[in-house]
Amino acid sequence: MNAIANAKPYFPGWQLLQIPGPSNVPAKVLAAMAQPTIDHRGEAFAAFAKTLLDDLKPIFGTKDDIVIFPSSGTGAWEAALVNVTSPGDTVLMAETGHFATLWFKLARQLGLNAELLPGDWRKAADPQAIGARLREDKVHTIKAVCVVHNETSTGATSDIAAVRAAIDAAGHPALLLVDTISSLGSVDYHQDDWGVDVTIAGSQKGLMLPPGLGFNAYRAKAKAAAETARMPRSYFDWEAMRAAPLTGQFPYTPATNLLFALRAALDLLAQEGMDNVFHRHARHARATRAAVEAWGLEVLCVEPEHQSNVLTAVVMPEGVSADGFRALMVNRFNMSLGNGLSKLKDRVFRIGHLGDFNDMMLIATLGGVQMGLIAYGVKPQTSGVEAAMAVLAEAL
Ligand SMILES: Cc1ncc(COP(=O)(O)O)c(C=O)c1O
């Protein structure tokens with residue numbers, strides 16, 4: 001035994017955080033957070049906060065109000081529901097995967113009559129099924145349709161414009177609530193053009209911030225619903241936040257330094273240009289899927305047109321533990337991959353390719369996965385890294 005063989009693993013450099021959020025935080029965003037905290041009731045903060053709320057609007061594709069809560073995405077889910085519903089209201093939720101199911105459970109816990117349109121966790125939300133259920137609801141009991149834009153547990157992205165079209169074709173007045181927690185800032189999104197009534201978002205994925213901010217963007221119909229909605233609410237009350245865009249004042253202490261970080265992240269996104277950001281994510285997703293195919297493994301989402309640009313969930317061969325593989329990846333290569341959630345536990349691993357991410361980071365990620373597969377005894381059919389490099393070398 002020599003000294004090297006006995007050495008404890010030590011990993012110079014950064015850990016590759018390739019879970020599908022929280023994503024890697026850019027150095028400029030980290031530096032912005034390291035500024036001294038300032039008085040959130042002072043003039044300097046008010047001026048800063050006003051511009052921030054305005055500059056968020058293009059990211060959501062809206063001209064309407066946006067509120068920011070010091071919360072995780074779950075808080076933003078709850079905020080959306082408590083502002084537009086009353087106890088006992090019916091809401092229709094599309095079961096795209098783990099996160100849609102968690103949102104459904106949250107709605108039940110709030111006292112809503114939440115209905116889950118069943119799905120097999122390998123596809124996007126089905127606009128036809130949503131339309132059919134709404135047509136059955138002749139007396140318009142359903143108050144809202146809730147859809148997760150990018151289902152982070154499965155890597156399926158739903159067509160929100162098609163869901164809106166299905167609601168309209170059914171002649172149903174239900175509000176459309178969309179969770180963009182893992183799509184906003186990574187995948188093209190247009191709240192106003194797509195007729196979304198409430199958009200729910202979080203800070204820790206495409207916006208490239210650490211976790212801690214939750215967002216609701218809402219349009220006139222949702223605002224009107226909030227005026228008569230009777231669900232108890234206080235911390236998440238939109239009304240209390242209404243003055244913020246005008247005064248830069250929040251009803252309670254905002255997460256000041258996360259807002260500094262948000263400013264830096266918005267500047268980075270504006271510098272790159274949103275179309276370029278979306279294109280970069282699409283290209284990395286394409287290269288990742290080419291790698292998975294070359295390895296001879298299966299992408300969990302079976303609908304090619306809905307495969308996510310944010311993450312790729314990879315199905316492990318029968319009898320091979322995805323969690324054992326993920327543990328090896330951390331211990332040998334200092335890279336975190338996403339786990340399989342609830343019914344996908346131990347069956348899939350998820351590669352996050354979102355946020356502050358470039359070609360070289362992707363190749364390092366895929367190289368790590370390929371080495372890990374070999375070390376774990378899952379012999380790749382061919383080189384996924386080469387397949388991905390071919391995609392990346394082909395065009396920008
Ligand atoms: C699509 C989606 N919705 C909701 C959530 C829950 O957000 P949070 O964990 O920030 O509360 C997540 C978290 O990953 C998510 O990916």
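The structure this text deals with has already been given above.
I will try to describe carefully the structure that is included in this document. (Residues numbered from 1 in each chain as written. Predicted model: local features only at pLDDT ≥ 70, side-chain atom pairs only at ≥ 80, totals over all residues. Heavy atoms only, no water.)

### Focus: the environment of Pro20
The topology assignment puts Pro20 in the loop between β1 (16–18) and α2 (27–33). Residue classification places Pro20 among the buried residues on the basis of a relative accessible area of 2%. Between the C-alpha atom of Pro20 and that of Glu298, which follows or precedes it by 278 residues, the distance is 18 Å. Once you skip the residues sitting within four places of it in the chain, Pro20 turns out to touch Thr152, Lys205, Leu311, Gly338, Arg350, Gly352 and Leu354. (Helix = DSSP H or I, 4+ residues; strand = E, 2+ residues; numbered from the N terminus. Buried < 20%, exposed > 50% of the residue type's maximum accessible area, 1.4 Å probe, protein only. Contact = heavy atoms within 4.5 Å.)

### Side note on the side chain of Gln191
Residue placement: Gln191 occurs in the loop between β8 (175–179) and β9 (198–202). Relative accessible area serves as the criterion here: at 0%, Gln191 is assigned to the buried category. A polar side-chain atom of Gln191 sits 2.6 Å from a polar atom in the side chain of Thr199. Contact partners of Gln191, with chain neighbours within four places excluded, come to Phe60, Gly61, Thr62, Val196, Asp197, Val198, Thr199, Ala217, Tyr218 and Arg219. (Polar contact = N/O pair within 3.5 Å; in protein donor to acceptor, adjacent residues only side chain to side chain.)

### Quick word on the pattern of salt bridges
Taken as a whole and judged by the stated rule, the model has 18 salt bridges. Residues Arg263 and Asp55 are paired through a salt bridge, measuring 2.8 Å at the closest nitrogen-oxygen approach. Pair noted here: Arg263 is in helix α11 (residues 256–272) and Asp55 is in helix α3 (residues 43–60), with a separation of 208 residues, a long-range link. The exposure class assigned to Asp55 is partly exposed, which follows from its relative accessible area of 35%. Asp323 is paired through a salt bridge with Lys345; the nearest N and O atoms lie 3.2 Å apart. Taken together, the positions of Asp323 in helix α13 (residues 322–333) and Lys345 in the loop between β13 (335–337) and β14 (348–352) put the pair 22 residues apart, joining distant regions of the chain. (Salt bridge = Lys/Arg side-chain N within 4 Å of Asp/Glu carboxyl O.)

### Let's talk about the sheet that holds β14
Strand order in this open sheet of three strands is β11-β12-β14, and the pairing throughout is antiparallel. Edge strands, defined here as strands with exactly one partner in the open sheet, are β11 (298–299) and β14. Against the sheet, helix α12 (residues 274–295) touches β11, β12 (311–315) and β14, its axis set at about 10° to β12. (Pairing = 2+ DSSP bridges. Axes fitted to C-alpha atoms, helices over the stretch in contact; angles between N-to-C directions.)

### With respect to the sheet that holds β8
Taken in spatial order, the seven strands of this open sheet run β2-β10-β9-β8-β5-β3-β4, and their pairing is mixed. The open sheet has two edge strands with one neighbour each: β2 (65–69) and β4 (113–117). Direction aside, neighbouring strands of the sheet carry axes that sit 20° apart on average. Where α3 meets the sheet, it contacts β2, β9 and β10 (214–218), and its direction lies at approximately 105° from that of β2. Contacting β5 (142–148) and β8, helix α7 (residues 160–169) runs over the sheet at an angle of about 165° to β8.

### Some thoughts on the pairing of β10
Where burial is concerned, most of β10 is hidden: five out of the five residues are buried. The alternating pattern of β10 places Gly214, Asn216 and Tyr218 and Phe215 and Ala217 on opposite faces, both of which are buried. Pairing of β2 with β10 involves five bridges; the strand directions are antiparallel. Across the sheet, Phe69 pairs through a bridge with Gly214, a residue of β10. Bridging between β9 and β10 involves five bridges; their strand directions are antiparallel. Note on β10: the bridge partner recorded for Ile200 is Asn216.

### Observations regarding the nonpolar core
Ile130, Val145, Leu177, Phe215 and Leu262 are the most contacted members of the largest nonpolar core, which has 86 residues in total. Sorting elements by how many residues they give to this core places α11 first, with nine residues. Here Ile130 is in contact with Leu92, Ala94, Leu117, Ala125, Val145, Val147 and Val163, once residues within four sequence places are set aside. Among the nonpolar cores identified, the runner-up in size contains 29 residues, and Ala322, Leu362, Ile363 and Leu366 belong to it. (Core = buried A, V, L, I, M, F, W, Y, C linked by side-chain atoms within 4.5 Å.)

No statement about biological role is implied by the geometric values presented.
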